[in-house]
Amino acid sequence: MSGFVYMMSDKPRGVIYTGVTSDLQGRVWEHRNKIHKGFTEKYRAKNLVWFESHPNIVLAIQREKSLKRYVREWKIKLVEELNPTWMDLYERIDEIENVYRPHENTRQWSDYN
């Protein structure tokens, strides 16, 4: 089962929510339609502004935990490398390939090949 790490926002350089899922389209749909009460509903973070795919959910969870420790400016840099205008990527999920590639010295490197 593959996994995804993603970021939702309300506007360019606005609030940033980082999450992980095995069903990116379904999970973003839930955020957009306020299915669950929580951060994204409270702060109106309904735009998918960044995501990356992983070969399995365990590695995606590890990456999400790492990103949650990032300072805000690093997250903004990640978003703007993939999506400089902070447009909503929801309709383009199937068109974008953003596969996470760890540094070759990373212990789990073989898990990505």
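To keep things clear, this report deals only with the structure shown in the data block. (Residues numbered from 1 in each chain as written. Predicted model: local features only at pLDDT ≥ 70, side-chain atom pairs only at ≥ 80, totals over all residues. Heavy atoms only, no water.)

### What about the pattern of salt bridges?
To be explicit about the condition: Salt bridges are defined as contacts in which a side-chain nitrogen from Lys or Arg sits within 4 Å of a carboxyl oxygen from Asp or Glu. Per the convention used, a helix needs a DSSP run of H or I reaching at least four residues, while a strand needs a run of E reaching at least two, with both numbered from the N terminus. Residue burial is assigned from relative accessible area. The probe radius is 1.4 Å, only protein chains are included, and a residue is buried under 20% of its type maximum, exposed over 50%, and partly exposed in between.
For the structure shown, the criterion picks out eight salt bridges. A salt bridge links Arg32 to Asp88; the shortest N-O distance between them is 2.3 Å. A residue pair is termed long-range when its members are at least 10 positions apart, and Arg32 in helix α1 (residues 24-32) and Asp88 in the segment after α4 (72-82) qualify at 56 residues. The exposure class assigned to Arg32 is partly exposed, which follows from its relative accessible area of 29%. Between Glu81 and Lys77 there is a salt bridge, and its shortest N-O distance comes to 3.9 Å. Taken together, the residues Glu81 and Lys77, both in helix α4 and four residues apart, mark about one turn of the helix.

### Considerations on unusual backbone geometry
One non-glycine residue, Arg44, lies in the positive phi region at around 55°. The topology assignment puts Arg44 in the loop between α2 (39-42) and β3 (47-54). Of note, the phi angle at Trp86 is positive, near 60°, even though the residue is not glycine. Within the secondary structure, Trp86 is located in the segment after α4. Its relative accessible area of 5% is what places Trp86 among the buried residues.

### So, the sheet that holds strand β1 (residues 3-9)
Threshold: Paired strands, as defined in this entry, are two strands with at least two bridges between them according to DSSP. Here an axis means a line fitted to C-alpha atoms, over the contact stretch when the element is a helix, while the angle between two N-to-C directions is reported on a 0 to 180 degree scale. Contact between two residues is taken to exist if any of their heavy atoms lie within 4.5 Å; hydrogens are not considered.
On the basis of which strands lie adjacent, the open sheet formed by three strands has the order β2-β1-β3 and antiparallel pairing. Since the sheet does not close on itself, it has two edges, and those belong to β2 (16-21) and β3, each with one partner. Pairwise comparison of adjacent strand axes, ignoring direction, gives a mean angle of 20° for this sheet. Sheet topology places β1 next to β2; six bridges connect them, and they run antiparallel. By the bridge assignment, Tyr6 is partnered in β2 with Gly19. Across the sheet, α1 touches β1, β2 and β3, and the angle it forms with β1 is around 25°. Sheet strands touched by helix α3 (residues 57-68): β1, β2 and β3. Its angle to β2, the strand with the most contacts, is close to 165°.

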